[in-house]
Amino acid sequence: MPELTLSPVHALAHVPVGRFGAAENASPLALTALAEGTILQILGAAPDSIAPALAEFGNFVIRPNAPAQWLAISDKPLSSSELTQIDAALTGKADVIDQSAGRIRIQIEGPDVRAALAKGVAVDLHHDVFELGQSVTTLCGHITVNITRTGDDQFELLVMRTYAVDLWESLTEMVLEHGIECRHA
Amino acid sequence: MTSQRLKSGGLIDRNLPIAFMFDGKPYQGFAGDTLASALMANGVGLVGRSFKYHRPRGIMTAGSSEPNALVTVGEDGRTEPNCRATTVELYDGLVARSQNRWPSLGFDVGEVNALLSPFLGAGFYYKTFMWPAALWEKFYEPMIRRAAGLGRASYEPDPDHYEKCWAHCDLLVVGAGPAGLAAAMTAAQAGARVIIADEQSGPGGSLLSDRREIGGAPAPTFAAKISAELASMANVTVLSRTTVFGWYDDRVFGAVERVQKHVSVPAADKPVERLWRIVAKQCVLASGAEERPLVFGGNDRPGVMMADAARTYVNRYGVAAGSRVAVFTNNSSAYCAARDMEANGIDVAAIIDPRAETPDYDGQARVMANARVVGTRGWRGLTGITVQRGGEQETIPVDALLMSGGWNPIVSLACQRGAKPRWSDDHVAFLPPAPSDGMRTAGAAAGIASLGNCVQHGASIAVECLSKIGIAAKPFDAGPAEDEPAFSVTPLWHVAGSTGKAFVDFQNDVHTDDLGLAVREGYGHVEHTKRYTTTGMATDQGKLSNVNAIGILAEVRGTTPGDIGTTTYRPFYTPVSFGALAGAHRGRHFQPVRRSPLHMWAEKHGAEFVEVGHWYRSAWFPRSGETRWRQSVDREVLAVRRNVGICDVSTLGKIEIVGRDAAEFLNRIYCNGVAKLPVGKARYGLMLREDGFIYDDGTLSRLAENRYFMTTTTALAAGVLSHMEFCAQVLWPDLDVRFTSVSDQWAQIAIAGPRSRDLLKQIVDDDISNDAFPFLAAGTINLMGGQLSARLFRISYSGELAYELAVPASYGEAVANALMAIGEPMGVTPYGTEAMGVMRIEKGHVTHAEINGTVVPEDIGMGRMVSVKKPDFIGRRMLNREGLSGADRLKLVGLKPVDPSDDFSTGAHILNPGAAPSMAADQGHVTSTCFSPVLGHHIGLALIKRGPERIGEQVVVWDALKEQDIKAIIADPAFVDPAGERLHA
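Fair warning: this is a prediction, and the values are worked out from it, not measured in the lab.

Rules behind the numbers
Residues numbered from 1 in each chain as written. Chains lettered and ligands numbered in written order. Predicted model: local features only at pLDDT ≥ 70, side-chain atom pairs only at ≥ 80, totals over all residues. Heavy atoms only, no water. Contact = heavy atoms within 4.5 Å. Buried area = accessible area lost by both parts, 1.4 Å probe. Salt bridge = Lys/Arg side-chain N within 4 Å of Asp/Glu carboxyl O. Polar contact = N/O pair within 3.5 Å; in protein donor to acceptor, adjacent residues only side chain to side chain. Helix = DSSP H or I, 4+ residues; strand = E, 2+ residues; numbered from the N terminus. Nonpolar A, V, L, I, M, F, W, Y, C, P; charged D, E, K, R; others polar. Buried < 20%, exposed > 50% of the residue type's maximum accessible area, 1.4 Å probe, protein only. Domains from an automatic or database assignment. Pairing = 2+ DSSP bridges. Axes fitted to C-alpha atoms, helices over the stretch in contact; angles between N-to-C directions.

Here's the deal with the interface of chain A and chain B
Contact residues are listed per partner, giving 50 residues for chain A and 52 residues for chain B. The junction of chain A with chain B conceals about 4,200 Å² of combined surface from both sides, 55% of it contributed by carbon and sulfur atoms. Taken together, the links from chain A to chain B amount to 8 salt bridges. Between Arg 274 of chain B and Glu 177 of chain A there is a salt bridge, with the nearest N and O atoms lying 2.6 Å from each other. Connecting chain A to chain B are 28 residue pairs in polar contact (both at pLDDT 80 or more). Of all elements in the fold, only strand 3 (38–43), helix 2 (80–89), strand 6 (95–98) and helix 4 (164–174) of chain A reach the threshold of two or more residues within the side of chain A that touches chain B. For the side of chain A that touches chain B, the element with the highest residue contribution is helix 4 of chain A, accounting for 6 residues. Looking at side-chain class alone, the side of chain A that touches chain B contains 22 nonpolar, 16 polar and 12 charged residues.

If you want it as structure tokens, here you go:
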């Protein structure tokens, strides 16, 4: 067998990066393609009952995805044996489906982030309504996303891998009037 | 009409002159002008030709209700027809053209229609052009459309972009006039989230046209101060140039913002228009009131305009409607217009009032009580009016006549969800319906008359709205407003005995006689009258004409306007461009593009892509020297059949199913038995719909005791998942089963051909010999020295020895690259969906071309797959219906031409030799065709009556489109390896 190394390729590896849109805005939006870590779709258990088991494998945050479904997210990629161990640890509590390669995380932040996202998202993301850490699965334009507020003016969009490039392109065009800096994490 | 710019006054910036063109002639206006005010300032009185009679028409209003001054603005791709000159903001270099005239506005050949007008009444076209019927579409309709019409759209692409967005608020205020500003301030000061929208270039509404004082300042100054304060507040969004056009379910409002319609060159970073969807907890409709025209002979002469519009032109734009004007009114408000004219030095010759008692007037104008205007003079511009008082007539030379027939509260938005407005004899108007679902009306829109009262009303209605959502607010105090006389009005629906056509609907050329005719011919219901006469149609939707038409109908039918009622209110309040409705979703963003994890790999190998739903699938991989797609496809097929090829099948739907009852659940989903599928095995599965017809097919693999992996067709990936959700949640909630789409998690590669195992063995760590990993084996394996864990399935769509390898999507490209590199010595070939399609036809495998919603398993030779042991599965009962098992059903067979050089098409029908084509003679149809490079001729699959019994029989493939009769032989659908030996090799 020839010596070949299998290396992963990020779904957004080929999108253009740099500054786009209105040049005059001193505080442009920042769009970041986050590294592919671990994304587990947890079916059937409440976060409280699975968080301790997951904590042994990494710094997971658990976000609601759908009724009785959660997304456990960590920046650290896990090996297949670790995934098997998680599966075993949660037996009887929840079923784990690995979506680490199936979902892509995109971070968007900046003072105008809500005005920008309102061009695709129907959910009210106002400070007083959509709290820090809150998540919702909704549409951004035509594409399903899971949105989480991760900072004062910072959100994370989790999107199906095969739509990631299209969402990225849509986001960069949606926010042209605010100006945007696109980058990889 | 000899309108002109006054030496001073108005809110325009006289230091900023603006050059523009109208009908090819250069003019100059000022910043702050509309196209209409600038034309009037240049003495242009004739601006358009009427819809049917091509009568000369002038500017009637100063806002969005304008029926006459419709112009085409812009050039090339930016051409926009039917713009109301009264709402087009002037910008440097603006180019506008008049419409519906030829060869010119001044000399219009269509004017001949005016001479024919006695014959062109309501219903004329319907009555006249009925025979012969064949000529309607080819001749009459095109001819009528050419003669009568509005502007024409450009065929060039629009260079600008549009967008849509969402907004949320506690209180939406529609209209930024006196009541709206007070409502917004009330809510803003209470800390509520407020959006206030107004269709004009800035907030203020009627305050911008008023000379009176409020809060110790002139009305426009007051408006500017309040607007600035609102704009400075973080909880307030002020949307100017924004028309709220519709009220929809769940308190969602549609609005269109004209972001860059008022600039010479739109900035590329911004949209020209933005469509807002505003979700409001409460809404204050402060849309104001529309002045009604009076209906008298010659009331459409250029120079006859609405009194309040003339007031706007003089106060806001510093433009006089004429040098000597008269006022014709049945109410007190037009006296304010007369006063404002005189205050600006315009000679007001007379105020003509049909009432016996007239309001006090301290100006110079002669007030004529008990008087009516019964005629007008002039052709392309007004030169005089004929006034009748008692038995006497008097001609008064004027170049402008300001008319006012009362006021209609603008209730459209409040009525768009079914509520009807209420008639008020006191107001001589329809008032808005009672508050409902968070919608309340304030100010003039609610029938409130004076400036001070409107402000107070707006504030108090806002307090009411906010109390409904638990926000305590105090009404905004604007300070005192200047006194004005009490409003009084007496109905005058039309002036009897006047000379010439008395127009009710100016845009559609509907006059009083048309309405009478409609009633006489049985179209007296207001909705029928509208359709029969066209009153209230087209771009202005009867903003000026509807209530007058209702008043006249009431008179003709001897009843009251309240009894007649209004027509139905619907969005849009004013026209909305298709650009705004489409938003960003056009061109390449018309629908999202879904890229396979192997997209870049396929692109690197020169793939031609084909759109399949959202997906871009690699269709074939041309190599140098190949100029036709068939050359590439034939090569790819032969490479797979003789050697090995790899194909991206990542787009197949993939669903992972878990739970104690997963087996039972799947056993009910598929019509074939799957409960006993062992761990480590895959099986072909067929799903039926409840009605017994085939829904979808795919494979099911058991990965562990309670964990399955299902594939679906690409087309029905989402549909199958929804179907399963329905079954799990509604039909069998007692089953312990959960599932989710993993379509995006896995890149899936088909490796097919006699040498596929040879290739795979070089990257798979595990034993995949025929014994260890036989046909329909499925399991987790390791790749390349444990570098990656993957899933391998020994399944075949091509009919060859074949595998599908699933790897985490991020590794898809790397694994495909490795397969190509390792397989290079053995000539591994990438193949696309076209070659895949050819091979499945050669093998007789079905796809949705065959399982098209009309076939049951028996029809495609899979009748024996349907379980007779299972107590139930989706489709079981309906599958037993009579007719789904009849001998004459269309059944799957292969088809090959008698002459190998012949070709036939999908969709062609099958006839017995010698039979004439007819429904009765139809034997079936061709479902799929291809050129088989293995066999060297075309083949097809077909659904033919009793097909399998007729193998070897000669039939005719009849193609009416190609005018072909091809002789063909019915064959076994499996042209290649019918015994299936290759699968097990």
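Following the structure, the description resumes.
Structural notes on the pattern of salt bridges
All names here are of chain B. A full pass over the atoms with the stated rule returns 62 salt bridges over all chains. The partner of Arg 5 in a salt bridge is Asp 33, and the shortest N-O contact between them spans 2.4 Å. Here Arg 5 is found in strand 1 (residues 4–5), whereas its partner Asp 33 is found in the loop between strand 3 (25–31) and helix 1 (35–41), with 28 residues between them in sequence. The class of Arg 5 is buried, set by a relative accessible area of 16%. Close ionic contact of Asp 744 with Arg 594 constitutes a salt bridge, the shortest N to O distance being 2.8 Å. In this pair, Asp 744 is assigned in the loop between strand 41 (738–741) and strand 42 (746–752) and Arg 594 in strand 33 (residues 594–595), connecting sequence segments 150 residues apart. Residues joined in a network through salt bridges with shared partners are Asp 210, Arg 212, Asp 308, Arg 311, Arg 339, Asp 340 and Glu 484.

Points about the domain arrangement of chain A
Residue and element names in this part refer to chain A. Domain assignment breaks chain A into domain 1 (18–35 + 102–184) and domain 2 (38–98). The C-alpha centroid of domain 2 is placed 25 Å from the C-alpha centroid of domain 1. Listed per partner, the contact involves 9 residues of domain 1 and 9 residues of domain 2. When domain 1 packs against domain 2, close to 760 Å² is buried across both sides, 47% of that on carbon and sulfur atoms. Along the contact surface separating domain 1 from domain 2 lie 2 salt bridges. In this structure, Glu 156 engages Arg 63 in a salt bridge whose closest nitrogen and oxygen atoms are separated by 2.8 Å. Between the two partners, domain 1 and domain 2, sit 5 residue pairs in polar contact (both at pLDDT 80 or more). Those elements that place two or more of their residues in the side of domain 1 that touches domain 2 are strand 7 (103–109), strand 8 (135–140), strand 9 (143–151) and strand 10 (154–160). Take the side of domain 1 that touches domain 2: its biggest share by element is 3 residues, from strand 9.

Digging into the sheet that holds strand 25 (residues 392–396) of chain B
Residue and element names in this part refer to chain B. In space, the 3 strands of this open sheet follow the order 23-24-25, with antiparallel pairing throughout. The sheet is open, and its two edges are formed by strand 23 (371–377) and strand 25, each paired on a single side. Pairs of neighbouring strands in the sheet enclose a mean axial angle of 25°, with direction left out of account. Direction of pairing for strand 23 relative to strand 24 (residues 384–389): antiparallel, over a ladder of 6 bridges. Within strand 24, the position partnered with Thr 376 by the bridge is Ile 385.

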